[in-house]
Amino acid sequence: MDEEGVEEYRNFRPFTRDSLFNIERRIAEEQAAKEAHKLKEAGDSDDSEDEIEEPSHHEPDPKPNSKLEAGRKLPPSLEEGSGRFVGRPIEDLDEYYHNQKTFCVIGRDKTIYRFNATNALFVLSPFNPIRRVALYILVHPLFSVVVMLTIIVNCVFMTMTEGPEEYVEQIFTGIYTFEASTKILARGIILTPFTYLRDPWNWLDFFVISIAYLTMWIKSLGNLSALRTFRVLRALKTVAVIPGLKTIVGALLEAVRRLRDVMILTVFVLSIFALVGMQLYSGGLRQKCVQNWTIELGPNISDIEWLSFVNDSNNWWKVGDDYIVCGNGSGAGGCKENYTCLPDLGDNPNFGYTSFDNFGWALLCAFRLMTQDYWESLYKLVLRAEGSAHAMYFVLVILLGSFYLVNLILAIVAMSYDEQQKQDAADAADEAAERMEEEERREILSQMTKSPSDASFKSDQYNPDKAEDKERVSLTSDQSGGSHLHPNSKKRGSVSLPGSPFAYRRSSRGSQFSWKKKPSGRATDRQPLVYQTLESLPLPFADDSAAVTPSSEDLCNFPFHKNAPNGRRYSFASQTRRHWPDARPPSRRSSFASNVSRNSRTSRYSVHSPLDPLKKESKMDTLFNFTRKGSQRVPDVVVDKPRLDRDNDSVSSLGSECVGEKQKMSPTNTFLCPSPTAANVDIKDVMVLKDLIDHASGHRRSFMSVVSVQPEAVRDKLMNYLCLWNCSPNFKKLQYFVSLFIMDAFVDLFITLCIVVNTGFMALDHWDMNEDLKSVSEFANTLFTGIFAAEAFLKILALSPINYFKDNWNVFDSFIVFLSLMELMLEELPGLSVLRAFRLLRVFKLAKSWPTLNMLIAIVGRTMGALGNLTIVLGIVVFIFAVMGQQLFRDSYQRYINDSDIGGGMPRWNFDDFLHSFMIIFRVLCGEWIESMWGCMRVAGYPCVPFFLLTMVIGNLVVLNLFLALLLSSFGAESLQRSEADDEPNKLAEAVDRFKRFGAWVKVKIIVCLKVKLRRKTKRPVIALSPSSSRPELNGKEALADGQTVVGNGKAYELHQTQDTESLSPNKTDAEKGLDLPDGEKVGETTALLPRRCSEGSVNKDSKSMLGSEASSSSSSLSESEKDIKVEADGEPEINEVDIVYVKEPDDCLCKVCTRKFKCLATIEESKTGQIWWKFRCFMFRVTEHKYFETFIITMILASSSALALEDEYLGERPILKAILMYLDKCFTAIFILEMLVKWVAFGFKTYFTDAWCWLDFIIVSLSIVLLAAESFNLGDLGSIKALRTLRALRPLRAVSRWEGMRVVVNALIKAIPSIFNVLLVCLVFWLIFGIMGVQLFAGRFHKCVDADGTRLNISVVDHRNQCETQNYTWTNSKINFDNVMNAYLALFQIATYKGWTDIMNDAIDSRQPNYQPLYEDNRYMYMYFVLFIIFGSFFTLNLFIGVIIDNFNQQKKKGGSLEMFMTDDQKKYYMAMKRMQSKSPQKSIPKPKLWIAGIIFDVTTNQMFDIGIMVVILLNMITMMIEHEGMTHEIDEALKYINIVFIAIFTLECVLKIIGLRQFYFKIPWNVFDFVVVILSILALSLAGFFENFFVSPTLLRVIRVFRVGRVLRLVKSAKGIRTLLFSLAVSLPALFNIGLLLALVMFIYAIMGMNFFMKAEEEYGLDDAFNFKTFFRSFILLFQMCTSAGWDGVLNGLIAKCKPNEPCTQYTIATMYLVTYLVISFLVVVNMYIAVILENFSQATEDVQQGLTPDDFDMYYEKWEKYDPDATQYIQLDMLSDFVDFLEEPLQLQKPNHFMLVKLDIPICDGDMCFCRDILDALTKNFLGTTETPDMPTQQEAETEYVVVSSTLKRQKEHYAAKIIQKAYRTFRRKKHGSEDDDEENDIDEDCVDNGDAETVVVETTSSHASDTTEQQKTVELHADSDIVA
């Protein structure tokens, strides 16, 4: 084996007894070294007690190599040669473990396993044959596969309703036992690392196996079925085996860890809401309507009779199965006639599970509100019982609890997933880079061994003695994870190579090239030497004089990678050139970038070049790190210039003349002046080159086959004929003509239209379709199938199969065509109608030409990859909970059948078998848990609560939010703006473009004709244009004159004319002449643009760096290109800072054109009348600009809106109010008309009608005028006019434009509308597919036969429609059905919002054939349709709304560029910190009272401990409140009363003490005022107990609010930082949330008024009753608030359409669906999602602040501590207090003692009188914390205000002290010499006085150089001894 081979296997050494001995030796050595070190330290500490300790810079602890962790795959650099060691113990690969007893084994799949080398089970050494066998089995891939299969089979058995036989269970247990024992034998049990129980996943196994044996053996324990449930956890073992799952589970666990804070906060907030609910509604839900007893029993009855009558449930008002809750308060639900509302009767609603009677139930209610599950029921119950004013409680809980907390959970899950994903992506990138590098290294090694001229390498192999060869070929991974190769090459044979194929020359001929030596002194134009065909080959270029050129053989053998960096072509020479010291800088043209830019003309500025000198060295550079000594320059290939110049249509280059000036500018610039030294070309090389060129242009085969051409193999021939269809030339011609036709853009347009029409035909399908329509539809289907089949066939013919099937869309097309044809052939067979559903997939073909749909499918596709794993996790979670539910509750559910008390048969949602369990858990994942839980609790009791809550929290809040997080993460801006480069050009756009161009052409022709006509009238001198100056047209506009500017995207460019070419160069002065081109239009393919720069002189210098690749120099001349010039200006528009100047007078009356054309108008303007009119306009303008004008208008708008709110159902009963409102309406209309006229006069029509908000005003005013006119003609009662009256509800919208906060939100919304609309359309397309499928599956099948009460009859009574009608029953249809596509849409919308979906599902799974009576669960597998729809139609599409809105937010933020765009990250952090600092300043602390008693009290009350003590008391008070409950015993009641008195006493005492200590300052703190009010009210409540009973707000309620004082204490708790962050993010979001809340309120207001107008007379059925309806404004508002979370809208819809008869047209139905659906889309999907977007945004911002910078909290803390040192708020402290002060601070600003030298390093300024300024100290500490020492100081306003004089600084002071010491020392030495040693004693005394106390002899100054990019701090320690001569 050669030397390299030996090198390969050095990493793998078999693990032998010697290896073990060596490890033990190393451990002993290390131990000895530690002992010695300890002894040495002990000795040192005695000597150095009096010296200052130096900071110790010990090495950081070594860490294990993450790439070599157990369970990871081998890094690519180690893969080679690992094959021989598979399954055998080898020495540990990781250096970290070299002194630990471990060894590795490599599995067949290259996985690393790490084991402990101690004895397993105390007896099996690593060399024991038993252990070796166990090892081999364990690392074999089949082992995990078998275990995996066993788990899956076991899971299947677990789902069986009847448990499997006993022996099956024993077999599984046996397999698991074998697995565990193998692992234990191979690893050992637990004592040392890497043993069996050290892995948490194995705990799970161990636990499961132990339980299996327990249940088997100890029969006396009874059947431990509950314990056996834990077997389900085996499903989790899959996680440990599938690789991708670990990351998802990692993210989940990380999320759960982070959720700790949110959970604490959630429980806290929910407890508060629960307490408030208890105080308000305890016992309130047991009020019922009781029949009047006087009617039944007469007026005179005894108490006992009355009690028994009232408590008899038969006398209560009942609707359906529920007793109606009522209330006696205002706005509460009433009872019907002859019924009275009485309290405390019977049980609470929903089987007694819904109440606020004690803390537990109240907390459950609060949690239910937070998760918004069926909360509309609770809302209605409470509002019916207590009155509509209590809606406020729900508003708070929903806004704070539900929207805020639930979305915080989402934000945290999203963040932890995001971080996990970044981590994974980084790992994958490392791996890929390493693999690529390894391949390249091997490739080069193989080339070197093959190449004949590698003797020079061999002779030069590794020599350890040579210094420069120390960097030998190293195969171990270095930090970057790659293996690098640094061979040293001396000399290589040299050849000349082709020049850079830089520009195509259309007219050049072979004869143009002449080979000769380059004349020195003159730079010639370089021209390409290579044909275009060679352009794609990565040849080195001859004009790279620095290229090392391989010999001719190498050219044939060199591997030209297809997978070069970035997957693009690159130049060998440009790669290798950079490292050579004597090489000139690389020529721009041969750079990688030029290759890229040849690839894509669009990207002028090549961004991706991995060889960008600013970036770190590319992998290739390190690869070709040859050292080049003395090799001669390579000849340049020169083109005969004069010959070229004769062709006048060729191109000259920018650097055509090498002027002296340019030489001065850049002496090293090879592009401008190529170096003249070049040798003659060897003719052999030219021959090689010629061969190469011929070969490449002849047939593109690989370089390797240059030498040997083999005969074509049979396989290739078959391939050619069968797949490529390379047959006869005639066939080729046919292919060509077919492709011309089928690939044309118009054909694409036609096909797209066919798809749309076909979809339309499919959507026509409906129930009871008439025969003609049916036959037309069938015919259309056949026709379209034919068209699509023909398209597919022709495409295959044109492209040949191999090319056709390369495109995924084509595969998709052909698949659908195949299915359609199959369906046509098998039409007769039953049951194949499902195939028709596949036709729907054609809709997806639209995605080809519809970017949003395409993006969406891409997102879904991309997410699917990641979702694959998540879906498995979701599947495992659902599976585990479903099986657990089945095992735990299955037997209990039998009670529904057996127990007569519960009765009613088995509910639909049960745990009876796996399918039903799965559906219950799926329903919980959708957020509906409460009803299933009630059903469970009725039979199984309280164990259901933790089960369902756990499922809800884990399944819905964590796993499902991870789903959402995934979606949001794949929704990055990248996905929205995917580079179009990789997509083929959009054919549809091209077709549309053709129409546009045709239209434009016609327009231009017409304009030209008109111009010609006009020109004839006014003749002008004709200027002859020379051919060179003639310019191509610009987008049909006039061409540019020379020197004119093109403005694109905010940057100006100037067109210059050079001899042959046109180029654009920057210009400033002529900007006024500029021509503004639309964004994105490009000027000429060949013209490059330079962004505007500071000075014109820099053009030539900058042109290189900016163009990145090809300059305009060698582009083909424009006279040759017939294409239009288009300007392309990349980059963001520049933001111009402009001072706004407000206009003081109106616009002119008439436009300039009018006055110019018609002179008479000008005279009118100047006449007296004109002057008066102008003055009048100016006056009106001033009126409109006056601040009171706007205020007045807003008042009017609000007043008129309020008037609209009064027009409710009861208006007819109040004639006076009606008359008032009518007159008011006319007044308002008049005022608004007047306002409009005033604005017309003031602004003129142009300004008025170009403003969108003015248009809104205009439309609303016009409506009012039409209504006025109609009323005056007595047409007020016409339907159309009534509809117009409804539109007056839009009036409040006018307030938006006048309200700043709201306008911001609305503008953001308006900007998002296009993308929201797009998503809406895509949703509709997605849903259309499910809708059409639903119509196919369920059309006509929801009909059923019902009796008079509306109960569905049993199938035994009625089986068919005919039977139903003959027996005089009613054959009716469900209100929500799938009879046609529109109905299907409505049904799907209900399912997607999870409202009313259970009824639809019940109908679906009971359905049989059309016209047959439904049967209970006859069609139960239809559940799958709904599950699939919910996953794709709801999870995906509805969550896309959130994605779009968040994305829109981020884009808005990016646009709002500011200062921060130009700062580095560090500067940004510092800048933010400064901004926060400026908002704070030291507060004057409260002075201490003079009285000594008051002084003591003051000290006590201002102490933090006092606050914490009071806080504890408040929390105890809360706990006692929690103990209260409805129906307490007398004893508990009394006890609580006394405890309450104690608490009141404590709070009163606190209040009194604080007032004594703080005196008048007590009332300056808001919390104190609040406390004071609470104490006063509590005392009053005690003394006037009776009086307060009727008081609206009970004092106990106020005591609950006290709990919020916890917020004050949180700041004192160090560990509560997470919760502080959450509260901080809430505080930050509040303003934005308030604005969004206002917008929501506005939408609700408008819809409430519209609802009142439309549905005032609606029936009180289903979701409508006497308290919830559209009769009055307030009730409508309450109902709409409920529906803004989509709650209960299905019930409202059913109520509104109750009058409509099935299968008959009904306008009410249309109006109701439109009204509700639009409201839901606007409120639930858009506005509420904006809420979510704001929370996510602010939360991530707040977390970032906490992680990176300093929060306002930290600054508050600083100033709080400052008060102690500077009680008078002078903003200064003494220098000698500084050290104590910074030590007294808290983290993160604290500098602990000893901090003297740290303060010196911080260089804090010292002012007059040795004082330090507070801002300076804070600034220094901030910089120190952020590590931004070299950030320039930002000027603070504070410094400007307070005059302060800096006299020194801490660093300067230290230097002065130090200098003083040196002088003293020198003086001493001088004295000694002078006087001799007799005066020593005196001097010593002097010395001690002179030297400053505390200044040590040895000074350590640390200078920390930290850079933004460096995370590691390099610390230089300078020792300053008194006798050294260094000055700090």
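Each value, and the rule that gives it
- Residues numbered from 1 in each chain as written.
- Predicted model: local features only at pLDDT ≥ 70, side-chain atom pairs only at ≥ 80, totals over all residues.
- Heavy atoms only, no water.
- Helix = DSSP H or I, 4+ residues; strand = E, 2+ residues; numbered from the N terminus.
- Contact = heavy atoms within 4.5 Å.
- Areas by Shrake-Rupley, 256 points an atom, 1.4 Å probe, with all protein chains shown as cover.
- Disulfide = S-S within 2.5 Å.
- Buried < 20%, exposed > 50% of the residue type's maximum accessible area, 1.4 Å probe, protein only.
- Axes fitted to C-alpha atoms, helices over the stretch in contact; angles between N-to-C directions.
- Parallel < 35°, antiparallel > 145°, perpendicular 65-115°, else oblique.
- Left-handed = near helix turned anticlockwise from the far one by under 90°.
- pLDDT = per-residue confidence, 0-100.
- Salt bridge = Lys/Arg side-chain N within 4 Å of Asp/Glu carboxyl O.
- Phe/Tyr/Trp six-rings, centres within 6.5 Å; stacked < 30°, edge-to-face > 60°.
- Lys NZ or Arg CZ within 6 Å of the ring centre and 35° of its normal.
- Expected span 1.5 Å × (residues − 1).
- Polar contact = N/O pair within 3.5 Å; in protein donor to acceptor, adjacent residues only side chain to side chain.
- Patch = residues over 30% accessible without salt bridge, like charges linked within 9 Å, V, L, I, M, F, W, Y side chains within 5 Å.
- Core = buried A, V, L, I, M, F, W, Y, C linked by side-chain atoms within 4.5 Å.
- Pairing = 2+ DSSP bridges.

1. Quick word on the overall build of the chain
Each helix and strand counted, the chain has 71 helices and 19 strands in total. Put simply, 75% of the contacts in the chain that link residues at least 6 apart link residues at least 24 apart. Total accessible area on the chain stands at roughly 98,900 Å², and carbon and sulfur atoms take up 61% of it.

2. Considering the state of the cysteines
Two cysteines whose sulfur atoms are joined by a covalent bond form what is called a disulfide. One pass over the structure, following the stated rule, counts five disulfides. Disulfide pairing places Cys326 opposite Cys341 at an S-S distance of 2.0 Å. A torsion of 90 degrees about the S-S bond marks the disulfide between Cys326 and Cys341 as right-handed. Of this pair, Cys326 sits in the loop between β6 (322-323) and β7 (339-342) while Cys341 sits in strand β7; the two residues are 15 residues apart in sequence, bridging distant segments of the chain. The class for Cys326 is buried, based on a relative accessible area of 0%. For Cys341, a relative accessible area of 10% corresponds to the buried category. The disulfide bridge from Cys1345 ends at Cys1364, spanning 2.0 Å between sulfur atoms. What sets the handedness of the Cys1345 and Cys1364 disulfide is the S-S torsion sign, and at about 80 degrees it is right-handed. Within this pair, whereas Cys1345 is found in strand β12 (residues 1344-1346), its partner Cys1364 is found in helix α49 (residues 1361-1366), the two being separated by 19 residues in sequence. Classification of Cys1345 by relative accessible area gives buried; the value is 0%.

3. Some points on the packing of helix α34 (residues 914-925) against helix α36 (residues 944-969)
Interhelical geometry of α34 versus α36 gives an angle of 60 degrees and a closest axis separation of 8 Å. The angle between α34 and α36 falls in the class oblique. Considering how the two elements wind past one another, α34 and α36 form a crossing that is right-handed. The residues of α36 that touch α34, namely those facing Ile920, Ile921, Val924 and Leu925, are Phe947, Phe948, Thr951, Met952, Gly955, Asn956 and Leu960.

4. Looking at the confidence of the model for the chain
For the chain, per-residue confidence averages 74 on the pLDDT scale, and 69% of positions sit at 70 or higher. Every residue in residues 48-58 is under pLDDT 50, and counting partners more than four places away or in other chains gives nine contacts. This stretch, residues 452-679, has a pLDDT under 50; its non-local contacts, to residues over four places away or in other chains, come to 427 contacts.

5. Some details on the pattern of salt bridges
With the rule as written, the count across this model stands at 35 salt bridges. One salt bridge in this structure joins Asp744 and Arg994, with 3.3 Å as the shortest N-O distance. Residue Asp744 is found in the loop between α26 (729-742) and α27 (745-764), and its partner Arg994 is found in helix α38 (residues 987-1017); the two are separated by 250 residues along the sequence. We note a salt bridge from Arg1853 to Glu1856, for which the minimum N-O separation is 3.8 Å. Pair noted here: Arg1853 and Glu1856 are both in helix α70 (residues 1850-1875), with a separation of three residues, about one helical turn. By relative accessible area, which is 41% here, Glu1856 ends up partly exposed. Here the residues in one salt-bridge network are Glu79, Glu431 and Arg435, joined through shared partners.

6. So, the packing of aromatic side chains
Scanning the model with the defined rule gives 83 aromatic pairs in all. Grouping aromatic residues by their ring pairs yields a cluster made of Trp1327, Phe1330, Phe1338, Phe1342, Phe1378, Phe1389, Tyr1425, Phe1426, Phe1429 and Trp1689. Taking the ring centre of Tyr1188 as reference, the NZ or CZ of Lys1187 above it sits at 5.5 Å.

7. Re helix α45 (residues 1252-1272)
Over its 21 residues, α45 extends 31 Å from the first C-alpha to the last, a length consistent with the 30 Å expected when each residue adds 1.5 Å. Of the positions making up α45, those classed as buried are Cys1254, Asp1257, Ile1260, Val1261, Leu1263, Ser1264, Leu1267 and Ala1270. The residue sitting at the N-terminus of α45 and contributing the capping side-chain oxygen is Asp1251; that oxygen lies 3.3 Å from the backbone nitrogen of Trp1253. Taken from the residues just after α45, Asn1274 is the one with a positive phi, measuring 55 degrees.

8. Quick look at the environment of Pro349
With respect to the helices, strands and loops of the structure, Pro349 is situated in helix α13 (residues 349-352). The class of Pro349 is buried, set by a relative accessible area of 14%. Between the C-alpha atom of Pro349 and that of Leu381, which follows or precedes it by 32 residues, the distance is 8.4 Å. Beyond its immediate sequence surroundings of up to four residues, Pro349 is in contact with Leu285, Val325, Thr354 and Leu381.

9. Things to note about a nonpolar patch on the surface
Where nonpolar side chains cluster on the molecular surface, the patch consists of Leu121, Phe122, Val123, Ile189, Ile190 and Leu191 and spans about 620 Å² of accessible area. On the accessibility criterion, Leu191 (62% relative accessible area) is exposed.

10. Notes on the nonpolar core
Core analysis: the largest hydrophobic core is formed by 283 residues, its most contacted members being Phe394 and Phe948. Phe394 has contacts with Leu369, Trp375, Leu378, Tyr379, Val382, Leu383 and Phe1681, leaving out every residue within four places of it along the chain. With 20 residues, the next largest nonpolar core counts Phe1781, Leu1799, Cys1812 and Cys1814 among its residues.

11. Comments concerning the side chain of Asn1729
Residue placement: Asn1729 occurs in helix α64 (residues 1707-1748). Ignoring any residue separated from it by four or fewer positions in sequence, one finds Asn1729 in contact with Phe1441, Ile1442, Ile1445 and Phe1724.

12. Considerations on the pairing of strand β3 (residues 112-116)
Within β3, five of the five residues are buried, which leaves it mostly tucked inside the rest of the structure. Relative to β3, strand β2 (residues 102-106) runs antiparallel, the two sharing five bridges. Bridge pairing links Cys104 to Arg114 in β3. Counted along the chain from β2 to the antiparallel partner β3, the turn is five residues long, and its residue Lys110 has a positive phi close to 65 degrees.

13. What to know about the side chain of Ser1676
Following the sequence through the fold, Ser1676 ends up in helix α62 (residues 1673-1683). Overall, Ser1676 belongs to the buried group, its relative accessible area being 0%. When sequence neighbours within four positions are dropped, the list of residues in contact with Ser1676 reads Ala1648, Met1652, Asn1669 and Phe1670.

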